[in-house]
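Chain by chain, the residues:
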Amino acid sequence: MSAPPFAINHRLCLGVYAGAFTLGLPLNLAALVALGTVARRRRLLPADVFLLNLTIADLALVASLPIRMAEAAWEATWKLPPSLCPLFVFLFFTSVYLTILSLTALSVDRYLGAAFPVQYRRRRRATHAAVAAAGFWVAALAHCSVVYVAQPNAAVNGTACYTRFASPQLAMLLTLRLEIFLVLFCLPLIITAFCYGRLVCIVVSLPTTAPSRRRRAVALASTTAVAFVLCFAPFNISHVVGYLRQENPPWRAYAVLLTTLSACLDPLIFCFSSAALRQGLRQVWDTVGLGRLCAGCRVPVEQSKGPTEVTGHQESRASSHQGVDGAELVTPWGLKT
């Protein structure tokens, strides 16, 4: 039998869940409305589809937080119908891994737009992104269905929800968690790190990029990568620790807390990654009378400093970021040039 449950601070859990719900719900609803505003103005781009998928995943995560709050208030005692426990766990962790896959897809989209601007602009289609997003749903749903494969015995689990397992059930669950760690976390993490690393190198080396915009691009990529690791790494590392020790790590409940913070960070990060989305969010805030809160999202337009001589592949790359006679365009990674 697994070790007894860790004596966690239920008040801390309740506070974090309540804060994530209070911030995450309006932020993601505003992002959803902003995406709808963008869709009415122009055709959707792959980044818009991935942002929509990310927002839906975050809203699903936020929708599950009231149950997390109730569970924390009941001190990890499940007082709802037992049949709802696996369904709740299934939906909660499906939304977590949908978020990871959507973040990875966004990093790939930005990298391709920066590394191959002309070719990617010609070939990118929202339908391709929609197919990829559907694949993310299938992958996340299939892997998170582990909650129905390795269900705890009622006599062992008692009044808790998906916490205590008999030895055979725990061994199966830990093996499946290790596979999830490798496929749904390690692989996306490697791809995201590569894409943002290359994106930073490209933006820094691009001669036509203004220094201030170069700093914004570096800060955006760095912040996104840090948020990716901080929100999801501890929880997924608990899969490996649990497999090696053949137990549920006692600190796993605190790692789950960090995953909920992504619902608050994602809208804030990607508010500054897309000029169109930023404009849509500004309109949403203006509509509800909170326009001043979005003042920090306004990016001043810098004057063109004239033509810059470039050669080789830099010329073809730079030309895709410049309009006719220095007209302002939005680069594939969402920053104006």
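Because the structure is predicted, anything quoted here is derived from the model rather than measured. (Residues numbered from 1 in each chain as written. Predicted model: local features only at pLDDT ≥ 70, side-chain atom pairs only at ≥ 80, totals over all residues. Heavy atoms only, no water.)

Trainee: How should I be thinking about the UniProt feature "transmembrane region" (unreviewed entry) in the chain in this particular structure?
Mentor: Per the UniProt entry, the sites bearing "transmembrane region" (unreviewed entry) are residues 14-38, 50-67, 87-108, 129-150, 180-206, 218-241 and 253-277 in this numbering. For residues 180-206, helix accounts for 96% and strand for 0%, while the C-alpha atoms at its two ends are 38 Å apart. (UniProt positions renumbered as here; feature names shortened; annotations may be inferred. Helix = DSSP H or I, 4+ residues; strand = E, 2+ residues; numbered from the N terminus.)

Trainee: Where do I start with the confidence of the model for the chain in this structure?
Mentor: Reading predicted coordinates in detail is not appropriate for stretches of low pLDDT. For the chain, per-residue confidence averages 79 on the pLDDT scale, and residues scoring 70 or more make up 76% of the total. When mean pLDDT is compared element by element in the chain, helix 5 (residues 126-144) scores highest at 95, while helix 13 (residues 313-319) scores lowest at 44. Confidence drops under a pLDDT of 50 for residues 299-337, and excluding neighbours within four residues, the segment shows 72 contacts in the predicted structure. (pLDDT = per-residue confidence, 0-100. Contact = heavy atoms within 4.5 Å.)

Trainee: Got a minute to help me understand the packing of helix 1 (residues 10-41) against helix 2 (residues 46-73) in this structure?
Mentor: Geometrically, a packed helix pair is captured by the angle between its two axes and the distance between the axes. Packing of helix 1 against helix 2 leaves a shortest axis separation of 8 Å and a crossing angle of 150 degrees. Classified by the interaxial angle, the pair formed by helix 1 and helix 2 is roughly antiparallel. Handedness of the helix 1/helix 2 crossing: left-handed. In the contact of helix 1 with helix 2, the residues fall into 20 nonpolar, 4 polar and 3 charged. (Axes fitted to C-alpha atoms, helices over the stretch in contact; angles between N-to-C directions. Parallel < 35°, antiparallel > 145°, perpendicular 65-115°, else oblique. Left-handed = near helix turned anticlockwise from the far one by under 90°. Nonpolar A, V, L, I, M, F, W, Y, C, P; charged D, E, K, R; others polar.)

Trainee: Explain the nonpolar core here, please?
Mentor: The nonpolar side chains of a soluble globular protein tend to be buried, and buried together. In this structure, Y17, V89, F92, Y97, Y162, F185 and F232 are the most contacted members of the largest nonpolar core, which totals 57 residues. Here this core takes 14 residues from helix 3 (residues 84-115), the largest share from any one element. Contact partners of Y97, with chain neighbours within four places excluded, come to A140, C144, I180, L184, F235, N236 and H239. Listed in part, the 10 residues of the second largest apolar core include C195, L199, I202 and A221. (Core = buried A, V, L, I, M, F, W, Y, C linked by side-chain atoms within 4.5 Å. Buried < 20%, exposed > 50% of the residue type's maximum accessible area, 1.4 Å probe, protein only.)

Trainee: Help me understand the state of the cysteines, please; the structure alone is not making it clear to me.
Mentor: On inspection of all chains with the given rule, the structure shows 1 disulfide. A sulfur-sulfur distance of 2.0 Å marks the disulfide that ties C85 to C161. Measuring the twist about the S-S bond at about 100 degrees, one finds the C85-C161 disulfide to be right-handed. Pair noted here: C85 is in helix 3 and C161 is in the loop between helix 7 (154-157) and helix 8 (167-205), with a separation of 76 residues, a long-range link. (Disulfide = S-S within 2.5 Å.)

Trainee: Honestly, the side chain of T94 in this entry has me stumped. Any pointers?
Mentor: Along the chain, the position of T94 falls in helix 3. At 2.6 Å, the side chain of T94 forms a polar contact with the backbone oxygen of F90. The contacts of T94, once residues within four sequence positions are left out, are A140, L141 and C144. (Polar contact = N/O pair within 3.5 Å; in protein donor to acceptor, adjacent residues only side chain to side chain.)

Trainee: Quick question: what am I supposed to make of the packing of helix 2 against helix 5 here?
Mentor: The N-to-C vectors of helix 2 and helix 5 enclose an angle of 30 degrees; their axes lie 8 Å apart at closest approach. If you check the angle between helix 2 and helix 5, you find them roughly parallel. Crossing angle aside, the handedness with which helix 2 passes helix 5 is right-handed. Between helix 2, through P46, V49, F50, N53 and I56, and helix 5, the contact on the second element is made entirely by A126, A129, A130, A132, A133, F136 and W137.

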